[in-house]
Amino acid sequence: MKKILAILLFAFVTIGLNAQYGVDNILRKYKNDPGVIAWQFQGDLSSFLNRKDGESIKSSVESVEFIMFNKGKNISDKDQDKLKERIQGDNYEMLVQARDKGKKIEIHGIEDGEIIKKVFAQVKSDEYNIYFFLTGEIYFEDMSELNIDGLMNGMNID
């Protein structure tokens, strides 16, 4: 009886740990590697967002994680396979898939009615590979009115 309970407990803990191993965890091991830039922001970041029409933003952004690999660097093939599996397993839906001037862009999201709760984006090019994660409550109506140009005001990235 003790062996059965121990096996059940082990199985329960293992399943719980695997369920918590999300898309963003796959890339965390790379954040301190040479040629990698990683940013992580926590808290309500919606104050950085403005709508073009001047209305108040309803969305809230709880966290943002950004990982960029410089030219010639990227995650391993094994981790790319894990990433694809987790995207499917976590029920991300394809929101955008585009190609432009040698860049391939994919944006996936987990939606719940009128909001997107999680966003995963991947940009691949000859120059870099970028992975971007966002969690919060992003309303579709805010997305169509976001002032993206306003985000870059005052920033100087060289």
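All values derive from a computational prediction rather than experimental measurement.

Enquirer: Please clarify how a nonpolar patch on the surface should be interpreted in this entry.
Expert: A surface patch of nonpolar side chains, amounting to about 290 Å² of accessible area, comprises Ile37, Trp39 and Phe41. As for its placement among the helices and strands, Phe41 is situated in strand S1 (residues 36–42).

Enquirer: Whenever I open this one, the side chain of Asp79 confuses me. Can you help?
Expert: By secondary structure assignment, the location of Asp79 is in helix H3 (residues 77–89). Note on Asp79: relative accessible area 2%, which makes it buried. With sequence-adjacent residues up to four places away left out, Asp79 is seen in contact with Ile26, Lys29 and Tyr30.

Enquirer: Please clarify how the pattern of salt bridges should be interpreted in this entry.
Expert: Pairing between side chains of opposite charge can happen when their charged atoms approach one another. Taken as a whole and assessed by the stated rule, the structure comprises five salt bridges. Put simply, Lys104 and Glu106 hold a salt bridge, and the shortest N to O gap is 3.7 Å. For Glu106, a relative accessible area of 16% gives the class buried. Where salt bridges share partners, they join Lys29, Asp79 and Lys82 into one cluster.

Enquirer: Is there a simple way to explain the nonpolar core in this structure?
Expert: Generally speaking, soluble globular proteins have nonpolar side chains that are buried together. Core analysis: the largest hydrophobic core is formed by 14 residues, its most contacted members being Leu27, Phe69, Ile75, Leu83, Phe120 and Tyr131. Leave out the neighbours within four places in its chain, and Leu27 touches Ile67, Ile75, Tyr131 and Phe133. Ranked by size, the runner-up nonpolar core spans eight residues in total, among them Val61, Val64, Val119 and Ile138.

Enquirer: How should the sheet that holds strand S4 (residues 103–112) be read in this particular structure?
Expert: Reading across from one edge, S1-S2-S6-S5-S4-S3 is the order of the six strands in this open sheet, with antiparallel pairing throughout. The two strands at the open ends of the sheet, each matched to only one other strand, are S1 and strand S3 (93–100). On average, each strand axis in the sheet is tilted by 10° relative to the strand beside it, whichever way the strands run. Summarising the sheet, strand S5 (residues 115–124) and strand S6 (residues 128–139) pair through nine bridges and their orientation is antiparallel.

Conventions used here
- Residues numbered from 1 in each chain as written.
- Predicted model: local features only at pLDDT ≥ 70, side-chain atom pairs only at ≥ 80, totals over all residues.
- Heavy atoms only, no water.
- Patch = residues over 30% accessible without salt bridge, like charges linked within 9 Å, V, L, I, M, F, W, Y side chains within 5 Å.
- Areas by Shrake-Rupley, 256 points an atom, 1.4 Å probe, with all protein chains shown as cover.
- Salt bridge = Lys/Arg side-chain N within 4 Å of Asp/Glu carboxyl O.
- Helix = DSSP H or I, 4+ residues; strand = E, 2+ residues; numbered from the N terminus.
- Buried < 20%, exposed > 50% of the residue type's maximum accessible area, 1.4 Å probe, protein only.
- Contact = heavy atoms within 4.5 Å.
- Core = buried A, V, L, I, M, F, W, Y, C linked by side-chain atoms within 4.5 Å.
- Pairing = 2+ DSSP bridges.
- Axes fitted to C-alpha atoms, helices over the stretch in contact; angles between N-to-C directions.

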